[in-house]
Amino acid sequence: MLFPLAPEYLGYADAGLEEDLFVSARPTIELLPEGQFKYHVDFDHLPLNDDVGLICVSRPTNPTGNVITDDELLQLDALAQQHKVPLLIDNAYGVPFPGIIFSEARPLWNPNTILCMSLSKLGLPGARCGIIVADEKTIGAIGNMNGIISLAPGSIGPSIANEMIVRGDLLRLSQDVIKPFYQAKVSETIALLRRYLPEERCLIHKPEGAIFLWLWFRDLPITTEALYQRLKTRGVLMVPGHFFFPGLEQAWPHTHQCMRMNYVPDADQIERAVQILAEELDNAWQA
Ligand SMILES: Cc1ncc(COP(=O)(O)O)c(C=O)c1O
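Worth saying up front: this structure is predicted, and the values here are computed from it rather than measured.

About the cut-offs
- Residues numbered from 1 in each chain as written.
- Predicted model: local features only at pLDDT ≥ 70, side-chain atom pairs only at ≥ 80, totals over all residues.
- Heavy atoms only, no water.
- Axes fitted to C-alpha atoms, helices over the stretch in contact; angles between N-to-C directions.
- Helix = DSSP H or I, 4+ residues; strand = E, 2+ residues; numbered from the N terminus.
- Left-handed = near helix turned anticlockwise from the far one by under 90°.
- Contact = heavy atoms within 4.5 Å.
- Nonpolar A, V, L, I, M, F, W, Y, C, P; charged D, E, K, R; others polar.
- Phe/Tyr/Trp six-rings, centres within 6.5 Å; stacked < 30°, edge-to-face > 60°.
- Buried < 20%, exposed > 50% of the residue type's maximum accessible area, 1.4 Å probe, protein only.
- Lys NZ or Arg CZ within 6 Å of the ring centre and 35° of its normal.

> So what's going on with the packing of helix α4 (residues 169-196) against helix α6 (residues 267-286)? Residues and values would help.
In the contact formed by α4 and α6, the axes pass within 9 Å of each other and the chain directions differ by 35°. As for the relative orientation of α4 and α6, their crossing is right-handed in sense. Contacts between α4 and α6 involve Lys185, Glu188, Thr189, Leu192, Leu193, Arg195 and Tyr196 from the former and Ala267, Ile270, Glu271, Val274, Gln275 and Ala278 from the latter. Looking at side-chain class alone, the contact of α4 with α6 contains seven nonpolar, two polar and four charged residues.

> Give me the packing of aromatic side chains: which residues, what numbers.
Enumeration according to the criterion identifies ten aromatic pairs in this entry. Arranged with centres 6.0 Å apart and planes meeting at 90°, the rings of Phe245 and Trp252 form a pair that is edge-to-face. This pair shows no difference in class: Phe245 is buried, exactly as Trp252 is. Three or more aromatic residues joined by ring pairs form one cluster here, namely Phe3, Tyr9, Tyr12 and Phe22. Lying over the aromatic face of Trp216, Arg218 brings its terminal NZ or CZ to 5.1 Å of the ring centre. Positioned above the aromatic ring of Phe212 is the side chain of Arg260, whose terminal nitrogen or guanidinium carbon lies 3.7 Å from the ring centre.

Now the structure itself:
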């Protein structure tokens, strides 16, 4: 399973039945104005060899908020078809629902694509309801797999989703409630971060969607695992970045310079956490 762009979703890391299931590729990094940056797929160095049976990408991505561009997606689609492997697009945050996507992105589907969607980010993670749009052969295999693993799929999620569609709520809530909520929170949190942390101390991945911010403390003299421990003793929890590179074989210092931040708590809590983060970064640099 190839992740063409790491960092990728941590939840995939333990999904394999055997070791060494994943292979992933470092991205290229585009530096942007206002202390932001964006990852891109490095097509010149993709480890797409004969062992690869599936290409998988989340769009938008947890943890970074990256949305791979339409061009990148089309190139991945062409490569997948050329190598006769499916392209899985994890659309857990994407369009048309829950619609937590702040940049322009065209959805893609063709029979070589396995498009996965979920009710989880509509506030229904306990419904365990996923929706897969794929060709009949793939859907047949997934139906068989579900038959063995779960006997029958749960029907609560589909019933709720059906009712939401009948009432015209599914897209309305996505567009008018969910997306504006996250978009406002992310802008508020970036303003707070910038109040305490200059660009030299902290770069921020361009927030294009999903529900986290990805911070890059370039040249940080300690690892973000150590920073995580220091923050934890002061009551601040952020996830160190190295967990989000499943399948990356070569060591890369960048993986130890990033952290995932949850931006959903109340603004005063976030501000307190950002103050503590700024203090701990100061301490690390001074030492
Ligand atoms: C990118 C991504 N895919 C999938 C999931 C899991 O979705 P589900 O609850 O539908 O299994 C998450 C949850 O955090 C996610 O961030």
